[in-house]
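Each chain, written out:
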Amino acid sequence: MERRDKYNYYLDIAQTVAARGTCLRRNFGAIIVKNDQIISTGYVGAPRGRQNCCDLGYCTREKFNIPRGQRYEMCRSVHAEQNAIIHASRADMLGATLYLVGLECSTGNYVVGANPCSLCKRMIINAGIAQVVVRDTRDQFRIIDVQRDYVEKDESLDEIKGY
Ligand SMILES: [Zn+2]
Ligand SMILES: [Zn+2]
């Protein structure tokens, strides 16, 4: 059996988490790791007690053909990164790594060029997370440095929508 490198080991777990998501359009899974310990996990889902996209049988963003990266007020879900962040303590998240995997519901393929949305980026910054690792293929991934890539390179100033 193949022994996975550490990044892909955690990304494989984030992918399992993503598959628990409730959206009908795209599902993401996030896990936060600190000192080789998983401190939190999160997937896409409506706030507790509210109906999910999969309960309603439609995704509002999908229904109105809302382009990627725009109009997140039309998304009824708490994002995977947000769920992972609100279920961890700040002390645990300081200097931690967030692993992120996105899956297209229609095909099961990885989301091409997946990234946290602009709102999740703000929360990642304030949570004190140091690094984000995003899966591109089964074996390939990008390592994002939060300070350099989200704080110093502030895409919100260029009105880039993110994602
Ligand atoms: Zn949805
Ligand atoms: Zn987001």
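Residue positions are counted from 1 within each chain, in the order its sequence is given. Chain letters and ligand numbers both follow the written order, the letters beginning at A and the numbers at 1. Per-residue local features are limited, in this predicted model, to residues with pLDDT of at least 70; the limit for side-chain atom pairs, both in listing and counting, is 80 or more; totals at the level of whole chains, interfaces and linings are taken over all residues. Water and hydrogen atoms play no part in the side-chain values, which are based on all heavy atoms of the structure.

> What's the story with the nonpolar core in this structure? I'm lost.
Where a protein is soluble and globular, its nonpolar side chains tend to be buried together. Note on terminology: a nonpolar core comprises buried Ala, Val, Leu, Ile, Met, Phe, Trp, Tyr and Cys residues joined through side-chain atoms within 4.5 Å. The buried label applies to any residue whose accessible area, calculated with a 1.4 Å probe on protein chains only, is under 20% of its type's maximum; exposed applies above 50%, and partly exposed to all values in between. Formed by 25 residues in total, the largest nonpolar core has its most connected members in Ile32, Leu98, Ile124, Ile129 and Val132. Core analysis: the next-biggest nonpolar cluster, separate from the first, contains eleven residues, Ala14, Ala18, Leu103 and Val133 among them.

> Hey, could you run me through the coordination of the zinc ion (ligand 1) in this one?
The reference angle at a metal is 109.5 degrees if four donors form a tetrahedron and 90 or 180 degrees if six donors form an octahedron. Coordination of the zinc ion (ligand 1) by the protein involves Cys23 (SG), Cys53 (SG) and Cys59 (SG), with metal-donor separations of 2.2 to 2.4 Å. Coordination partners: N, O, S within 2.8 Å of the metal, 3.2 Å for Na, K and Ca; water not considered, so apparent gaps in a site are possible. Read N to C, the donor residues that coordinate the zinc ion (ligand 1) are spaced as C-x29-C-x5-C. The buried category is assigned to Cys53, whose relative accessible area is 2%. You can call Cys59 buried: its relative accessible area is 7%.

> What am I meant to see in the UniProt feature "domain: CMP/dCMP-type deaminase" (unreviewed entry) in the chain here?
UniProt positions are given in the numbering used here, feature names are shortened, and annotations may be inferred rather than shown by experiment. Feature annotation in UniProt assigns "domain: CMP/dCMP-type deaminase" (unreviewed entry) to the following positions: residues 5–157. Going along the chain from the N terminus, every DSSP run of H or I of four or more residues is numbered as a helix, and every run of E of two or more is numbered as a strand. Within residues 5–157, the helical portion is 32% and the strand portion 22%, while the C-alpha atoms at the span's ends are 36 Å from each other.

> Sorry if this is basic, but what is going on with the coordination of the zinc ion (ligand 2) here?
Distances from the zinc ion (ligand 2) to its protein donors, namely His79 (ND1), Cys117 (SG) and Cys120 (SG), fall within the range 2.0 to 2.3 Å. Each donor residue of the zinc ion (ligand 2) lies on the same chain, and together they follow the pattern H-x37-C-x2-C. Placement of His79 in the loop between helix H3 (60–63) and helix H4 (80–86) and of Cys117 in the loop between strand E3 (97–104) and helix H6 (118–127) is noted, with a sequence separation of 38 residues between them. Residue class for Cys117 comes out buried when judged on its relative accessible area of 1%.

> What exactly am I supposed to notice about the pairing of strand E2 (residues 37–43) here?
If a strand is regular, its side chains alternate between the two faces of the sheet. Bridge analysis of strand E1 (residues 26–34) against E2 gives six bridges, and the strand direction is antiparallel. The residue of E2 that forms the bridge with Ile31 is Thr41. Counted between consecutive antiparallel strands, the loop separating E1 from E2 contains two residues, among which Asn35 sits at a positive phi close to 50°. Here, a strand pair is defined by DSSP locating no fewer than two bridges between the strands.

> Before we go on, may I ask you to explain the side chain of Gln82 in this structure?
Mapped onto the elements of the fold, Gln82 is located in helix H4. You can call Gln82 buried: its relative accessible area is 11%. Not counting the four nearest positions on each side in its chain, Gln82 is found in contact with Leu119, Cys120 and Met123. Whether two residues touch is decided by their heavy atoms; if any such pair falls within 4.5 Å, the residues are in contact.

> Mind showing me how you'd approach the packing of aromatic side chains here?
One pair of aromatic rings is described through two measures. These are the centre distance and the angle between the planes. A pair of aromatic rings is counted whenever rings of Phe, Tyr or Trp (Trp by its six-membered ring) have centres within 6.5 Å, and the orientation is called stacked for planes under 30 degrees apart, edge-to-face for over 60 and tilted otherwise. Scanning the model with the defined rule gives four aromatic pairs in all. Plain terms: the ring middles of Tyr7 and Tyr99 are 6.5 Å apart, the flat faces sit at 55° to each other, and that makes the pair tilted. Highlighted residues: Tyr7 in helix H1 (residues 6–18) and Tyr99 in strand E3, separated in sequence by 92 residues. Since its relative accessible area comes to 6%, Tyr99 is described here as buried. Cluster of aromatic residues (ring-pair linked, three or more members): Tyr7, Tyr9, Tyr10, Tyr99 and Phe141. When the NZ atom of lysine or the CZ atom of arginine is within 6 Å of a ring's centre and also within 35 degrees of its normal, the charge is said to sit over that ring. Directly above the ring of Tyr72 sits Arg61, whose terminal nitrogen or CZ lies 4.2 Å from the centroid. Lying over the aromatic face of Tyr58, Lys63 brings its terminal NZ or CZ to 4.3 Å of the ring centre.

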